[in-house]
Each structure stands twice: as C-alpha cells, then as structure tokens.
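Fold and geometry: a report
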Amino acid sequence: MKPLLICDCDEVLLHMVRHFSAWLDETHDVEFDVSNHDWANAMRRRSGDQLSVEEIWGFLGGFFPGEMARQTLVPHAREALAALARTADIVILTNLQEHCREPRIAQLDTHGIVHRVECNQGGKGRPVAQLVEEHGAGVAVFVDDLAQHHESVARNAPHVHRLHMVSEPAMAPHVPPAPFAHARIDDWREAEAWISARFAAGQPADQLENMGEM
C-alpha cells in the first residue's frame with residue numbers, strides 16, 4: 001500500500017492569521033497580534049477590551065467560509081504536495097465544521113491542490129488513526145501547526161510520524177516546537193525531504209523510536 005500524508009491546511013498549506021487579522025481590523029475594529037499564538041490574548045477591541053471565547057468563535061465563524069477567498073498559498077506547498085503525491089496518498093484534515101468542507105475543497109482547488117478533504121472538531125488523533133487504518137498505510141506522516149494535535153496523534157496513533165510546521169513567518173518564532181512532534185520544520189522544501197525520507201524508510205514511527213532512530 002502507498003504511504004499516507006495527513007496534512008492540516010491553515011498555517012500549513014494556506015496562510016490564515018494574516019488575512020484573519022486584516023479582516024478583523026477592517027470589519028470589526030479588532031486588533032489581532034499575529035506574533036501571539038495564544039488567541040485568547042492576541043485579539044482585542046481597539047478600545048482595549050478583551051474578547052470573550054464566544055466572540056472569538058463568532059469571528060472564526062464569520063471568516064469560515066465567507067472570507068476564505070482572502071487566504072494565500074504557503075510558498076512551495078503546492079509543489080511539495082505534487083511531488084509527494086507521486087508515491088503517496090494525501091488527505092487534508094482540517095478543523096472546520098462540516099458545512100465548510102465543500103468551500104475548502106473549492107478553495108484548495110483554486111490553488112492547484114486537489115486531494116481528499118476531511119473536516120474535524122477537537123483532537124485529531126482518532127481521525128488520523130482511522131484514516132491510516134482505512135488506507136492500510138504501513139507508514140504515515142502527520143503535519144500540523146498546533147501542538148495539541150501532535151499530542152492527540154501521539155496518544156491515539158503513535159505509529160504515525162509527526163511534523164510540526166508553522167508557516168506564518170510573523171508567528172513561527174514565537175511558537176515553541178511541539179513536544180509530541182518528531183520534528184519542527186517551517187519550510188516546505190525541507191519538509192518535503194523529511195517526509196520523503198520517512199516514506200522511503202517504510203517504518204512506523206514507534207518502531208523507529210524503539211530502535212533509537214528518530
């Protein structure tokens with residue numbers, strides 16, 4: 001069976017926070033500090049008032065899918081996926097509500113990225129485990145920008161190689177490497193080489209860890 005790449009979208013394939021920030025400023029008079037990866041503290045009204053969790057989720061609901069057309073492609077992401085797709089299956093696993101699935105598919109298509117898209121809520125560990133089982137992949141790689149998803153995958157699918165990527169240059173220096181990821185790479189040219197090496201080795205992550213080769 002083919003290897004499997006399970007890849008997040010926002011801040012991995014498509015830039016999001018820079019465009020979300022611009023939209024908040026233009027439309028809602030809200031400031032978003034893209035250097036702060038703690039969203040609860042990064043977003044404030046220009047009056048200085050902090051936003052509630054409900055307000056933050058409301059703004060996200062306004063951006064997806066209505067403002068998704070603002071998003072731009074991460075450099076080298078399309079080319080890397082095209083190269084990896086020659087030997088591997090690819091699934092885009094995005095934490096959006098199900099009504100955003102078709103808009104996300106159409107959005108990625110405009111950027112030349114045409115792969116299966118699945119929406120998810122909460123931790124990604126269980127859906128990653130299910131996708132690996134469904135594809136029958138002997139080796140799989142998971143790419144995401146959020147540390148909590150790497151922890152979720154480590155607990156539910158320890159055999160999957162985990163790559164932490166934060167593609168937004170204004171944010172990446174302020175985000176520490178995810179403790180449960182095997183590597184941190186923020187450039188798709190380097191990431192493609194790292195992923196290809198895991199596919200070529202053909203060994204699940206937990207086996208390599210036991211052999212001391214991760």
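Residues numbered from 1 in each chain as written. Predicted model: local features only at pLDDT ≥ 70, side-chain atom pairs only at ≥ 80, totals over all residues. Heavy atoms only, no water.

1. Examining the packing of aromatic side chains
The relative placement of two aromatic rings is captured by the distance of their centres and the angle of their planes. Filter applied, for reference: Stacked, tilted and edge-to-face are the three classes assigned to paired rings of Phe, Tyr and Trp, where Trp is represented by its six-membered ring and a pair needs centres within 6.5 Å; plane angles under 30 degrees give stacked, over 60 edge-to-face, the rest tilted. Where helices and strands are cited, they refer to DSSP runs of H or I of at least four residues and of E of at least two residues respectively, numbered from the N terminus. A 1.4 Å probe rolled over the protein chains alone gives each residue an accessible area, and that area as a share of the maximum for its type sets the label: buried under 20%, exposed over 50%, partly exposed in between.
Summed over the entire model, instances satisfying the criterion amount to five aromatic pairs. Measuring from ring centre to ring centre gives 5.8 Å for F20 and F32, while their planes differ by 70°; the resulting arrangement is edge-to-face. Taken together, the residues F20 in helix α1 (residues 17–28) and F32 in strand β3 (residues 30–32) connect sequence positions twelve residues apart. Summarising the burial analysis for this pair, F20 and F32 share the class buried. One aromatic cluster is present, built from ring pairs that chain together F20, W23, F32, F63 and F64.

2. Section: the pattern of salt bridges
Quick note on the threshold: For this analysis, a salt bridge means a side-chain nitrogen from Lys or Arg found within 4 Å of a carboxyl oxygen belonging to Asp or Glu.
Evaluation of the coordinates by the stated rule reveals 17 salt bridges. Here D8 and K124 are joined by a salt bridge, their closest N and O atoms 3.0 Å apart. Placement of the pair is D8 in the loop between β1 (4–7) and β2 (14–15) and K124 in the loop between β7 (116–119) and α6 (125–135), with a sequence separation of 116 residues. A salt bridge links D187 to R189; its shortest N-O distance comes to 2.9 Å. Judged by its relative accessible area of 21%, D187 is partly exposed. Taking the relative accessible area as the measure of exposure, R189 reaches 54% and is therefore exposed.

3. Focus: the pairing of strand β9 (residues 161–164)
Going by this rule: A pair of strands is treated as paired once DSSP finds two or more bridges between them.
Neither face of β9 is open: one carries H161 and L163, the other R162 and H164, and all of them are buried. One ladder, built from four bridges, connects strand β8 (residues 140–144) with β9; its direction is parallel. Among the inter-strand pairings, V143 is bridged to a residue of β9, identified as L163. Relative to strand β10 (residues 183–184), β9 is paired through two bridges, and the arrangement is parallel. Paired with L163 across the bridge in β10 is A183.

4. Quick notes on the environment of H15
Operational definition: The contact rule is simple, with two residues in contact once any of their heavy atoms fall within 4.5 Å.
Summarising the element assignment, H15 is placed in strand β2. Of the residues examined, H15 reaches a relative accessible area of 4% and is grouped as buried. In this structure, H15 is in contact with Q71, T72, L73, V74, P75, S167, E168 and P169, ignoring residues within four places of it in sequence.

5. Considering the pairing of β1
The two faces of β1 match: L4 and I6 on one face and L5 and C7 on the other face are all buried. Summarising the sheet, β1 and strand β6 (residues 89–94) pair through four bridges and their orientation is parallel. By the bridge assignment, I6 is partnered in β6 with V91. Inspection of the sheet shows β1 paired to β8 by four bridges, in the parallel sense. Bridging across to β8, C7 finds its partner in V143.

6. Topic: the environment of F180
Structurally, the position occupied by F180 is in the loop between β9 and β10. A sequence separation of 31 residues divides F180 from H149, and the C-alpha atoms of the two residues are 8.9 Å apart. Leave out the neighbours within four places in its chain, and F180 touches H150, E151, A154, R155 and R162.

7. Some thoughts on the nonpolar core
Inclusion rule: By nonpolar core is meant a set of buried Ala, Val, Leu, Ile, Met, Phe, Trp, Tyr and Cys residues that side-chain atoms within 4.5 Å join together.
Residues L5, L13, I92, V143, W188 and I195 are the most contacted members of the largest nonpolar core, which totals 30 residues. At the level of secondary structure, the elements contributing two or more residues to this core comprise β1, α4 (77–84), β6, β8 and α8 (188–201). Top element by residues in this core is α8. It accounts for five residues. Residue contacts for I92: discarding those within four places in its chain leaves C7, D8, C9, L13, L81, L108, H115, R116, V117 and E118. Of all hydrophobic cores here, the second largest spans 23 residues; its members include W23, V30, L51 and I56.

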